[in-house]
Amino acid sequence: MYHQPVLKNRRTLLERAEKFISDIYFTDCNLRGRLNGDSCPLQSISSFLSAKRITFTEACKQNFAPYKVGETFGPTWWTCWFKVTLTIPESWRGREVHFLWESDGEGMVWRDGQPVQGLTKEGEKTSYILSECLKDEEPHSVTLYVEMACNGLFGAGQGSMIAAPDPNRKFSIQKAELVIFNRDVRQLLTEFEMLVDIVKELGEGEQRGYQALFTVNEMVNLCDPNDPSSFSEARRLASKFFNQQNGESQHMVHAMGHCHIDSAWLWPYEETIRKCGRSWVTVVNLMDKNPDFIFTCSQAQQFQWVKSWYPGLFSKIQHYVKKGRFIPVGGTWVEMDGNLPSGESMVRQFLEGQRFFNQEFGMYCKEFWLPDTFGYSAQLPQIMQGCGISNFLTQKLSWNLVNTFPHNTFFWEGLDGSKVLTHFPPGNSYEMKAKIEELVRTVRNNKDKGRANHSAALFGYGDGGGGPTQLMLDRLRLVQDTDGLPKVQMSTPDRLFSQLRAESALLCTWSGELFLELHNGTYTTQAQIKRENRQCETLLHDVEVASSLALCRNRTFLYPQEKLQQLWRLLLLNQFHDVIPGSCVGVVVDDALKYYNDIRSDGSVLLREACEALGPKGSSVGVFNSLPWERHEVVQIQDGTDKPGLALVRAPSVGASPVIDIQPVTAVSVTLQADGTVLMENGILKAAINRDGTLASLCLIGSNRETISDGCVGNQFVMFDDVPLYWDAWDVMDYHLQTRKPVSEVVQPAHVVSSGGLRGSVGFTLRISDKSVVTQEIVMDAMCPYIKFDTKVEWAESHKFLKVEFPVRVRSPNATYEIQFGHLQRPTHRNTSWDWARFEVWGHKWADLSEHNFGVALLNDSKYGYSVHENTMTLSLLRSPKAPDATADMGTHQFTYAVMPHSKSFQEASVIQCAYNLNFPLRLIQCSPDTVPWSAFSVPEPVILETVKQTEEGKGMLVLRLFESHGSSVTVTLRTTIPVREAWHCDLLERRQSTQPAHVTPEGIALDFTPFQIVTLLLVL
């Protein structure tokens, strides 16, 4: 056939092709309008509504009432079950038959008691294939059930995706029918779409783009939508174009199916279970039909949910795991936040995850997979390596607001020098749709051109689940090796990282934390979750230490292994990267707080039982110290009259002692001055407190050094306007610093609450606004090197941020912050854009600002957000975002922070130990009056014994985890009074390293450490 040549009018040819496949324009005569053939109504639809998420078996027993398409059901978070009966017309023999179902909710099709297809309109899944080619012997009359969740792919936000859910939203079925699906039309449409996208992406400057343009135009000429026999010639042209191959040097894209499912976010945990079922059953169906399809899937918790709720589906997953096609990745229990969990919590994420994958699938993950968290601790490389992982994949740093991260493929070096091969997919997404623009972007964005010629493309609907579609697979198949585009192969993480490692000679190294320049508000949002996390971490630590010692001291004691695993898994679940950061809806907050309450309730019982087993019971009060150093502290006890009293006690390291009241070297004195100020002193510190509760002075007596800057006050509460650009619960923007307003209205001036002795305290109340007040008790204990601020806030603000400031007499270009198993420095100046982007940073139990021979530490029991600019130390206390939880942080808050001026370095001044002491209270126990104080373990500074627990394998062995805390190379001796037969080094998964025995001598176990090294020991009792 001969055509007149057309002018090179790119726009008309391109738009002609676009309209030919449009689902809006000319559908009466274009190709898109022929995608579905004849339709047939369903025989019957009936429904019933449930407030709870129930099983299929329960649903089948309910009474179903007739339902008409278009009727509404709801409200939000309810479930509507539909029973559908259908009969396929005999005349459709030989045709592909689909059950078409369109709704604004998320659905699961059940057939013969099994889940068979997820349905989500937002995820391009609106049909279930009844037959690919209808045969006489196939059933023509079928009964299906459809389980409809009253929420969309991204929850039920009122007005915008991240808005608080609309609790009264109603849902409906817009379409429910049988249709003939024309597969040949779908295949041709895919080729048209890909060619049109090539024209757009390659643009006018590329010859290959014009070749695509003229090819697609000629295809329109050849194709008659009403005559399927014309399709073959059009497809022949497309095939000729797509089969023109690249040269050998072309970039290789490793395509992997993926379905990032947030374990909770804009929907509750329970809905995530169903999201996993809907998504993964679809994946398994695709695997049945596409033998080359490979799917990667993280989060052991989600596998555990599917195993429990969908055992038949889980069996199919196990089958495809064995075949190497359904690939568990990540190695963690959930995709946790990368900043806020403690070091031990991070280890447990891997321990629980890797053990689960090994038990269920006979494998350990080789790569850490964390594409969507809000920053990455500098200790992660060491933790990864300790868990058998040497590769890391993420992409979140592409969200940086200020600076563009300079690499996509590089070695990441952690705090201790451990290195892992790291890859950020250059397409800057973990939910690609296998479109041309994404493949082109993958090559264009690669910041390591010439160093790395391989990259990942993760395709499939994500965040809310959904996963890959057949259309995505068809797209990728078309362009496996097409001139002008990168090469594409279906691949695995192992294949990708093996290629990257084989060609890694020129890769660069990034040392230190991977700081996300966005979402800094997540260090503070939902303060109650953060407080509960810290306290539950502390509680489980103490339960494990006490239970381990009880195991050694009492032969009848049973270590609560199974119960501890349950509690740890709840804690780890709540460390998911949208829960502990506070970026979730209110129903998730409620779930999380319930789980914390379960941990507290059950954990307290376990702690009491373990402490009772430590020695003979009696009428005397004792103290149990879970920390590896001797402590002298004031504790509150009950005397014989049941009235609370105070005692200064000495508690041995990792041990117990009866309470023997010691007299302090210097008692605490508290004096109210004539001008309304209050003086407090304990022989170490001397403080002057103004009427409004601010610190006029804080003097370190031994050095005669004033802490507070001239003309300034400490403990200054300040409020800021807190209106981000979009991500409300997530972001605090730099411009909020320009809205600073001191809190100064006094409701009750500073007054003496306790006049001294073992403890002195001063109370006061300030009005923050007409809605909020703060009440504080400033506490000074005998022999304590820091002054505490016990704080209660009634908080009812909107888009405000409360902080407390301490301007101090210290000059230093860097401040130090505690992180997992160590600490790091960040600048106190804003010289560069990289410095400026750290206007709000995260840390754990302490931050310190020191010059030579003097410094000030800021300690806390539940906060994570800090700012140290020049000489002002600031602790972030409370935010008040309104999305996605409209009531985030509203209510009563209680927390404690402390200020500790010190001479020498913070290491020599024991700042680290003091922060532990503030967070790990001495536990009161009952003991007999003649109990002799005892210590199970001790280890000298700078090494900290972080964890004592029974091994996961069971009785007769303990695991000890220690780390070097100062940043030095040392040799220390771990001393123990527990009879130890053997000691071995092991990895963080508790696998014995047979070539590394730890030698036990009468003096103890000698151990070598490099800076910030984590050492794990296995003790055979």
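Rules and cut-offs
- Residues numbered from 1 in each chain as written.
- Predicted model: local features only at pLDDT ≥ 70, side-chain atom pairs only at ≥ 80, totals over all residues.
- Heavy atoms only, no water.
- Helix = DSSP H or I, 4+ residues; strand = E, 2+ residues; numbered from the N terminus.
- Rg over C-alpha atoms; globule rule 2.2 N^0.38 Å.
- Buried < 20%, exposed > 50% of the residue type's maximum accessible area, 1.4 Å probe, protein only.
- Contact = heavy atoms within 4.5 Å.
- Lys, Arg positive; Asp, Glu negative; His and termini not counted.
- Charge placed at Lys NZ, Arg CZ, Asp CG, Glu CD.
- Pairing = 2+ DSSP bridges.
- Axes fitted to C-alpha atoms, helices over the stretch in contact; angles between N-to-C directions.
- Arc of directions from axis to C-beta.
- Phe/Tyr/Trp six-rings, centres within 6.5 Å; stacked < 30°, edge-to-face > 60°.
- Lys NZ or Arg CZ within 6 Å of the ring centre and 35° of its normal.
- Salt bridge = Lys/Arg side-chain N within 4 Å of Asp/Glu carboxyl O.
- Parallel < 35°, antiparallel > 145°, perpendicular 65-115°, else oblique.
- Left-handed = near helix turned anticlockwise from the far one by under 90°.
- Nonpolar A, V, L, I, M, F, W, Y, C, P; charged D, E, K, R; others polar.
- Polar contact = N/O pair within 3.5 Å; in protein donor to acceptor, adjacent residues only side chain to side chain.

Peer 1: Break down the overall build of the protein chain for me, citing the residues and quoting the values.
Peer 2: Each helix and strand in the protein chain was counted, giving 18 helices and 56 strands. By the compact-globule yardstick of 31 Å for 1021 residues, the protein chain fits well, its C-alpha radius of gyration being 32 Å. With respect to the three principal axes, the spread of C-alpha positions in the protein chain is 105 × 60 × 60 Å. Across the 1021 residues that make up the protein chain, the buried fraction comes to 62%. For the protein chain, long-range pairs separated by at least 24 residues make up 74% of all intrachain contacts whose partners lie at least 6 apart in sequence. For the protein chain, the separation between the mean place of its 98 positive charges and that of its 116 negative charges on side chains is 2 Å.

Peer 1: Residues and numbers for the pairing of strand 52 (residues 982-986), please.
Peer 2: In terms of residue burial, strand 52 counts as a mostly covered element, since 4 of its 5 residues are buried. Both strand 52 and strand 56 (residues 1014-1020) contribute to a ladder of 5 bridges, which runs antiparallel. If you follow Glu-982 over to strand 56, its bridge partner there is Val-1020. Bridge count for strand 52 against strand 53 (residues 992-997) is 2 bridges, and the pairing is antiparallel. Paired with Trp-984 across the strands is Pro-997, a residue of strand 53.

Peer 1: Any chance you could break down the sheet that holds strand 17 (residues 409-413) for me, citing the residues and the numbers?
Peer 2: Pairing is mixed in the open sheet, where 5 strands are placed in the order 15-16-18-17-21. Across the chains shown, the open sheet's two edge strands, defined by having one partner strand only, are strand 15 (367-369) and strand 21 (509-511). Neighbour to neighbour, the strand axes of the sheet diverge by 30° on average, direction disregarded. Bridging between strand 15 and strand 16 (residues 391-393) involves 3 bridges; their strand directions are parallel. Bridge pairing links Phe-368 to Phe-392 in strand 16. Set on the sheet, helix 13 (residues 493-502) makes contact with strand 15, strand 16, strand 17 and strand 18 (419-423); between it and strand 18 the angle comes to about 110°.

Peer 1: How would you summarise the environment of Glu-612 if you had to cite specific residues and measurements?
Peer 2: Note that Glu-612 resides in helix 16 (residues 586-612). The exposure class of Glu-612 is partly exposed, given its relative accessible area of 37%. As a C-alpha pair, Glu-612 and Val-899 span 287 residues in sequence and 35 Å in three-dimensional space.

Peer 1: Hey, could you go over the environment of Trp-934 for me, with residue numbers and the actual values?
Peer 2: Structurally, Trp-934 can be placed in strand 47 (residues 934-935). Spatially, the C-alpha atoms of Trp-934 and Gly-655 are 5.4 Å apart, while their sequence positions differ by 279 residues. Residue contacts for Trp-934: discarding those within four places in its chain leaves Leu-549, Arg-553, Leu-614, Pro-652, Val-654, Gly-655 and Ala-656.

Peer 1: Any chance you could break down helix 13 for me, citing the residues and the numbers?
Peer 2: Buried residues of helix 13: Pro-493, Leu-496, Phe-497 and Leu-500, and no others. End-on view of helix 13: buried residues confined to an arc of 90°, all on one side of the axis.

Peer 1: Account for the sheet that holds strand 10 (residues 141-149), naming residues and giving values.
Peer 2: Pairing is antiparallel across the open sheet formed by 6 strands, whose spatial order is 3-2-5-10-7-8. Two strands bound the open sheet, and with one partner strand each, they are strand 3 (65-66) and strand 8 (114-120). In this sheet, strand 10 lies alongside strand 5 (residues 79-87) in antiparallel orientation, the contact comprising 9 bridges. Directly across from Lys-83, in strand 10, lies its bridge partner Tyr-145. Where helix 6 (residues 269-289) meets the sheet, it contacts strand 5, strand 7 (106-111), strand 8 and strand 10, and its direction lies at approximately 100° from that of strand 8.

Peer 1: Explain the packing of aromatic side chains to me, and be specific about the residues and the numbers.
Peer 2: Taken as a whole and judged by the stated rule, the model has 51 aromatic pairs. Among the aromatic side chains, those forming a connected cluster through ring pairs are Trp-280, Phe-293, Phe-295, Phe-303, Phe-314, Phe-326, Trp-333, Phe-356, Phe-357, Phe-361 and Phe-459. A cation over a ring is seen here: Lys-275 above Trp-267, with NZ or CZ 4.2 Å from the ring centre. The ring of Phe-801 carries Lys-803 above its face, with NZ or CZ at 4.8 Å from the centroid.

Peer 1: Outline helix 1 (residues 10-20), listing residues and values.
Peer 2: For helix 1, the complete set of buried residues consists of Arg-10, Leu-13, Leu-14, Ala-17 and Phe-20. Down the axis of helix 1, the sector holding all buried residues measures 125°, keeping them to one side. Contacts from the buried residues of helix 1 go to helix 3 (183-202) and helix 4 (207-222).

Peer 1: Any chance you could break down the pattern of salt bridges for me, citing the residues and the numbers?
Peer 2: According to the stated counting rule, one finds 53 salt bridges in the structure shown. A salt bridge links Glu-106 to Lys-275; the nearest nitrogen and oxygen atoms lie 2.7 Å apart. Taken together, the residues span a long stretch of sequence, with Glu-106 in strand 7 and Lys-275 in helix 6 at a distance of 169 residues. Here Glu-106 matches Lys-275 in class, with each residue buried. Across the pair Asp-474 and Arg-477 runs a salt bridge whose closest N-O atoms are separated by 3.5 Å. Of the two residues, Asp-474 and Arg-477 are both situated in helix 12 (residues 470-478); the distance of 3 residues between them amounts to about one turn of the helix. For Arg-477, a relative accessible area of 33% corresponds to the partly exposed category.

Peer 1: Can you tell me about the packing of helix 3 against helix 12, naming the residues and giving the values?
Peer 2: Interaxial distance between helix 3 and helix 12 falls to 10 Å at its minimum, and their mutual angle equals 55°. Classified by the angle their axes make, helix 3 and helix 12 are oblique. By crossing handedness, the relation of helix 3 to helix 12 is classed as right-handed. Note on element contacts: helix 12 touches helix 3 through Gln-470, Leu-471, Asp-474, Arg-475 and Leu-478, opposite Arg-183, Arg-186, Thr-190, Glu-191, Glu-193 and Met-194.

Peer 1: Requested: an account of unusual backbone geometry, with residues and values cited.
Peer 2: Both trends apply: most residues other than glycine have a negative phi, and most peptide bonds are in trans. In this structure, Pro-75 follows Gly-74 across a cis peptide bond, with omega equal to 5°. Considering the arrangement of structural elements, one finds Pro-75 in the loop between strand 4 (72-73) and strand 5. Here the amide bond leading from Ala-883 into Pro-884 is cis, since omega sits at 5°, within 30 degrees of zero. Tracing the backbone through its elements, the reader meets Pro-884 in the loop between strand 44 (872-878) and strand 45 (891-903). The phi dihedral of Asn-428 falls on the positive side, at around 55°, and the residue is not glycine.

Peer 1: Please set out the packing of helix 6 against helix 8 (residues 311-322) residue by residue, giving values where relevant.
Peer 2: One can describe the packing of helix 6 onto helix 8 by two numbers: an axis separation of 10 Å at closest approach and a directional angle of 45°. When the interaxial angle is binned, helix 6 and helix 8 end up oblique. Note that helix 6 runs across helix 8; the crossing there is left-handed. Contacts between helix 6 and helix 8 involve Gly-277, Trp-280, Val-281, Val-284, Met-287 and Asp-288 on the former and, on the latter, Leu-313, Lys-316, Ile-317 and Tyr-320. Tallied by class, residues from the contact of helix 6 with helix 8 come to 7 nonpolar, 1 polar and 2 charged.

Peer 1: Run through the pairing of strand 8, naming residues and quoting values.
Peer 2: Burial of strand 8 is extensive: 6 of the 7 residues sit out of reach of the surface. Bridge count for strand 7 against strand 8 is 6 bridges, and the pairing is antiparallel. Its bridge partner lying in strand 8, Met-108 is registered against Gly-118.

Peer 1: Give me the side chain of Arg-569: which residues, what numbers.
Peer 2: Tracing the backbone shows Arg-569 in helix 15 (residues 561-573). The class of Arg-569 is buried, set by a relative accessible area of 16%. Within polar-contact distance, the side chain of Arg-569 engages the side chain of Glu-352 at 2.9 Å. If sequence neighbours within four positions are ignored, Arg-569 has contacts with Gln-304, Trp-333 and Glu-352.

Peer 1: So what's going on with the environment of Thr-76? Which residues, and what values?
Peer 2: Here Thr-76 lies in the loop between strand 4 and strand 5. According to the relative accessible area criterion, Thr-76 is buried, its value standing at 5%. Along the backbone, Thr-76 and Pro-167 are 91 residues apart, and their C-alpha atoms lie at a distance of 5.3 Å. Contact partners of Thr-76, with chain neighbours within four places excluded, come to Cys-150, Ala-156, Asp-166, Pro-167, Asn-168, Arg-169 and Phe-171.

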